[in-house]
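One letter stands for each residue in the lines below.
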Amino acid sequence: MTHSDLDAVVAAVRERIDPDEAERRALAAAAAELESRVHDALSDLSVDADVLQVGSTARGTWLSGDRDIDLFVRFPEDLPREKLAEYGLEVGHAVLPDGHEEYAEHPYVKGDYEGFDVDLVPCYDVPTAPDIRSAVDRTPFHNTYLTERLDDELAADVRVFKRFLKGIGAYGSDLRTEGFSGYLAELLVLEYGGFEPLLRAAADWKPQVEFDPEDHGTRTFSDPLVVIDPTDPERNVAAVCSAENVARLQHYARRLLSDPREDLFFLPDPPALDADGVRDHLERRGTTPVALVFTTPNLVDDQLYPQLRKSLDGVAAGLDRREFDVFRKTTFASDDAVLFVELSVAERPRVERHEGPPVHVETHAEGFYGAYTDAGDDHYGPFLDGDRLVVERPREFTTATAFLTSDALFDVALGKHVESMLREDGYEVLVGDEVATLADSFGDELGRYFDPRP
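Everything in this summary refers to the structure shown in the same document.

### Side note on the overall build of the chain
Inference 1: A tally of regular secondary structure across the chain gives 15 helices and 14 strands.
Inference 2: Once the C-alpha set of the chain is aligned to its principal axes, its extents read approximately 85 × 60 × 50 Å.
Inference 3: In the chain, which comprises 454 residues, the proportion classed as buried is 48%.
Inference 4: A sequence separation of at least 24 residues applies to 66% of the contacts in the chain between residues at least 6 apart.
Inference 5: For the chain, the accessible area works out to roughly 22,000 Å², and carbon and sulfur atoms hold 44% of it.
Inference 6: Taken together, the 46 basic and 93 acidic charged side chains of the chain have centroids lying 4 Å from each other.

### Here's the deal with the sheet that holds strand S4 (residues 107-113)
Inference 1: As summarised here, the arrangement of the five strands in space is S1-S2-S5-S4-S3, forming an open sheet in which the pairing is mixed. One side of each edge strand has no neighbouring strand; the edge strands of this open sheet are strand S1 (50-54) and strand S3 (100-103). Taken pair by pair, the neighbouring strands of this sheet meet at an average axis angle of 30 degrees, ignoring direction.
Inference 2: Relative to S4, S3 runs antiparallel, the two sharing four bridges. By the bridge assignment, His-100 is partnered in S4 with Lys-110.
Inference 3: Strands in contact with helix H4 (residues 81-95) are strand S2 (68-76), S3, S4 and strand S5 (116-125); relative to S5, the strand with the most contacts, it is inclined by about 155 degrees.
Inference 4: Sheet strands in contact with helix H5 (residues 139-147) are S1, S2 and S5, and its direction is about 60 degrees off that of S1.

### Concerning the packing of helix H8 (residues 195-203) against helix H9 (residues 243-258)
Inference 1: Running from N to C, H8 and H9 cross one another at 120 degrees; their axes reach a closest spacing of 8 Å. Judged on the interaxial angle alone, H9 and H8 are oblique. For the pair H8 and H9, the sense of crossing is left-handed. Contact residues: H8 offers Phe-195, Leu-199, Arg-200, Ala-202 and Ala-203, while H9 offers Leu-249, Gln-250, Ala-253, Arg-254, Leu-256 and Leu-257.
Inference 2: When its residues are assigned to classes, the contact of H8 with H9 shows eight nonpolar, one polar and two charged.

### Brief notes about the nonpolar core
The tendency in soluble globular proteins is for nonpolar side chains to be buried side by side.
Inference 1: Counting residues in each nonpolar core, the largest one holds 46 residues, and the members touching the most others are Phe-161, Phe-164, Phe-180, Leu-188, Phe-195, Trp-205 and Leu-225.
Inference 2: Those elements that place two or more of their residues in this core are helix H1 (3-17), H5, helix H6 (152-168), helix H7 (182-192), H8, strand S6 (209-211), strand S7 (225-227) and H9.
Inference 3: Setting aside anything within four residues of it in sequence, one finds Phe-164 in contact with Phe-195, Leu-199, Leu-249, Tyr-252, Ala-253, Leu-256, Leu-264 and Phe-265.
Inference 4: Ranked by size, the runner-up nonpolar core spans 30 residues in total, among them Leu-27, Ala-49, Val-51 and Leu-89.

### Concerning a negative patch on the surface
Inference 1: A grouping of Asp-274, Asp-280, Glu-283, Asp-335, Asp-336, Glu-428, Asp-433 and Glu-434 is seen on the molecular surface, where their side chains present a negatively charged patch.
Inference 2: Residue placement: Asp-433 occurs in the loop between strand S14 (428-431) and helix H15 (439-450).
Inference 3: Classification of Asp-433 as partly exposed rests on a relative accessible area of 49%.

### A short note on H5
Inference 1: Listing the buried residues of H5 in full gives Pro-140, His-142, Asn-143, Tyr-145 and Leu-146.
Inference 2: For H5, the elements touching its buried residues are S1, helix H3 (56-59), S2, S5 and H7.

### Some words on the pattern of salt bridges
Inference 1: Per the stated rule, a full pass over the model turns up 31 salt bridges.
Inference 2: The shortest N-O distance in the salt bridge between Asp-119 and Lys-110 comes to 2.8 Å.
Inference 3: Overall, Asp-119 belongs to the buried group, its relative accessible area being 16%.
Inference 4: In this structure, Glu-244 and Arg-248 form a salt bridge, with 3.2 Å as the shortest nitrogen-oxygen distance. Of the two residues, Glu-244 and Arg-248 are both situated in helix H9; the distance of four residues between them amounts to about one turn of the helix.
Inference 5: Among the residues examined, Glu-244 registers a relative accessible area of 54% and is labelled exposed.
Inference 6: Accessibility expressed as a relative area gives 12% for Arg-248, which makes it buried.
Inference 7: Counted as one network, the salt bridges with shared partners bring together Glu-323, Arg-348, Glu-352, Arg-393 and Arg-395.

### Brief notes about unusual backbone geometry
Inference 1: A cis geometry characterises the amide bond from Pro-207 onward to Gln-208, with omega recorded as 10 degrees.
Inference 2: Take Gln-208: it is sitting in the loop between H8 and S6.
Inference 3: Residues Gly-381 and Pro-382 are joined by a peptide bond in cis, for which omega reads 10 degrees.
Inference 4: Its place among the elements puts Pro-382 in strand S12 (residues 380-385).

### Quick look at H8
Inference 1: In terms of burial, H8 is a largely internal element, seven of the nine residues being buried.
Inference 2: Among all positions of H8, only Phe-195, Glu-196, Leu-198, Leu-199, Ala-201, Ala-202 and Ala-203 are buried.

### Here's the deal with the side chain of Glu-186
Inference 1: The topology assignment puts Glu-186 in helix H7.
Inference 2: The residues contacting Glu-186, other than those within four sequence positions of it, are Arg-59, Thr-61, Leu-146, Leu-150, Val-158 and Lys-162.

### Structural notes on the environment of Val-73
Inference 1: One can find Val-73 in strand S2.
Inference 2: Its relative accessible area of 1% is what places Val-73 among the buried residues.
Inference 3: Contact partners of Val-73, with chain neighbours within four places excluded, come to Val-38, Leu-42, Ala-49, Asp-50, Val-51, Val-91, Leu-120, Val-121, Pro-122 and Cys-123.

### So, the side chain of Ser-134
Inference 1: Residue position: Ser-134 is located in the loop between S5 and H5.
Inference 2: Of the residues examined, Ser-134 reaches a relative accessible area of 2% and is grouped as buried.
Inference 3: In terms of polar contacts, Ser-134 uses its side chain to reach the side chain of His-106, at 3.4 Å.

About the criteria used
Residues numbered from 1 in each chain as written. Predicted model: local features only at pLDDT ≥ 70, side-chain atom pairs only at ≥ 80, totals over all residues. Heavy atoms only, no water. Helix = DSSP H or I, 4+ residues; strand = E, 2+ residues; numbered from the N terminus. Buried < 20%, exposed > 50% of the residue type's maximum accessible area, 1.4 Å probe, protein only. Contact = heavy atoms within 4.5 Å. Areas by Shrake-Rupley, 256 points an atom, 1.4 Å probe, with all protein chains shown as cover. Lys, Arg positive; Asp, Glu negative; His and termini not counted. Charge placed at Lys NZ, Arg CZ, Asp CG, Glu CD. Pairing = 2+ DSSP bridges. Axes fitted to C-alpha atoms, helices over the stretch in contact; angles between N-to-C directions. Parallel < 35°, antiparallel > 145°, perpendicular 65-115°, else oblique. Left-handed = near helix turned anticlockwise from the far one by under 90°. Nonpolar A, V, L, I, M, F, W, Y, C, P; charged D, E, K, R; others polar. Core = buried A, V, L, I, M, F, W, Y, C linked by side-chain atoms within 4.5 Å. Patch = residues over 30% accessible without salt bridge, like charges linked within 9 Å, V, L, I, M, F, W, Y side chains within 5 Å. Salt bridge = Lys/Arg side-chain N within 4 Å of Asp/Glu carboxyl O. Polar contact = N/O pair within 3.5 Å; in protein donor to acceptor, adjacent residues only side chain to side chain.

This is the structure:
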């Protein structure tokens with residue numbers, strides 16, 4: 001690979017992702033009109049506040065087609081929180097009369113203006129980021145820090161890096177994706193001085209990877225990627241980024257450097273599967289899939305997906321402990337949620353081996369022997385296998401279905417709202433070919449599962 005090969009690919013990508021002049025003018029005009037409306041709404045309140053445009057569209061790091069305008073209304077830090085919420089919603093509805101309310105740490109208004117998606121968020125005007133009273137309060141400091149440091153060339157490289165992250169499926173700091181946020185992408189480009197040097201460095205990363213742009217960190221972190229927030233010494237900007245997505249960036253950085261190709265920026269998802277496609281894969285693999293299907297708890301994704309993953313891990317651990325040998329697992333959700341576990345073993349014998357202590361460990365050996373000698377005749381033994389006492393006792397569950405439809409399911413670690421939904425609303429267990437019926441609602445997700453990519 002030569003520099004010119006990668007340069008040519010980056011230039012071609014920029015042709016596709018850089019906003020043109022008309023798009024930039026339209027966004028600037030919409031932002032200016034919205035800010036004017038905010039000022040008008042604030043003039044009706046008995047409070048001193050201002051408005052600031054933040055995010056990628058404020059810093060010139062947005063991609064063509066992105067239609068987001070983020071406006072933060074900064075209120076005095078001594079304003080009671082209930083008043084912050086009240087004033088924030090009053091301003092939001094005045095500016096976006098057709099908007100609707102959403103909730104982060106406190107409510108805000110989201111709506112449409114001239115085809116742009118607008119978030120109008122109240123926050124506190126605190127002197128420094130460590131003084132924040134809510135998580136959104138640090139966003140204006142991010143904006144100031146990057147605006148002062150990103151020139152046009154670096155902003156262009158940020159756009160290219162964001163597109164690369166989107167192409168490989170690693171962009172987004174939501175807890176469903178667990179990827180790279182826009183702010184993190186900007187900091188990494190700034191740290192390395194451009195897209196190509198970032199690629200070359202990432203290809204050789206050896207996690208844990210740590211950066212502290214302002215050399216002011218006061219905490220240690222165990223995350224695979226640590227980027228100390230330059231505005232807050234106690235925060236890791238990359239805390240959400242999973243080890244898998246760090247590895248994904250490394251893998252595709254190597255692919256792009258060794259063989260520069262435009263399509264790596266626009267990788268398509270695997271094709272969705274229909275029921276027959278799912279059955280074909282199951283026949284080819286010879287595994288036994290099981291799926292718990294239940295009504296999705298009424299939670300935002302950032303609350304839902306951690307609970308789904310916790311529940312998936314708990315169910316998988318329960319199956320592994322009962323020797324059904326989990327092969328692979330995943331979870332997905334829309335109206336229904338699915339805990340999908342693929343097993344190597346479909347059915348176990350009616351007895352299981354239970355090893356006791358070596359005979360020379362007298363106290364434990366005698367206790368084990370006595371417990372099973374007096375336990376009736378439903379087991380085999382105790383007998384010696386080498387120097388160790390062993391019994392073969394009845395197995396509680398001979399199939400995964402028997403376990404998953406029993407009360408023992410609730411002995412595993414489940415997310416709080418998932419457990420409530422399973423107990424109160426019930427659930428369905430699909431086994432083997434029955435999981436093919438999921439293709440009607442989850443063909444895309446099953447396509448990704450059965451055609452896994454880095």
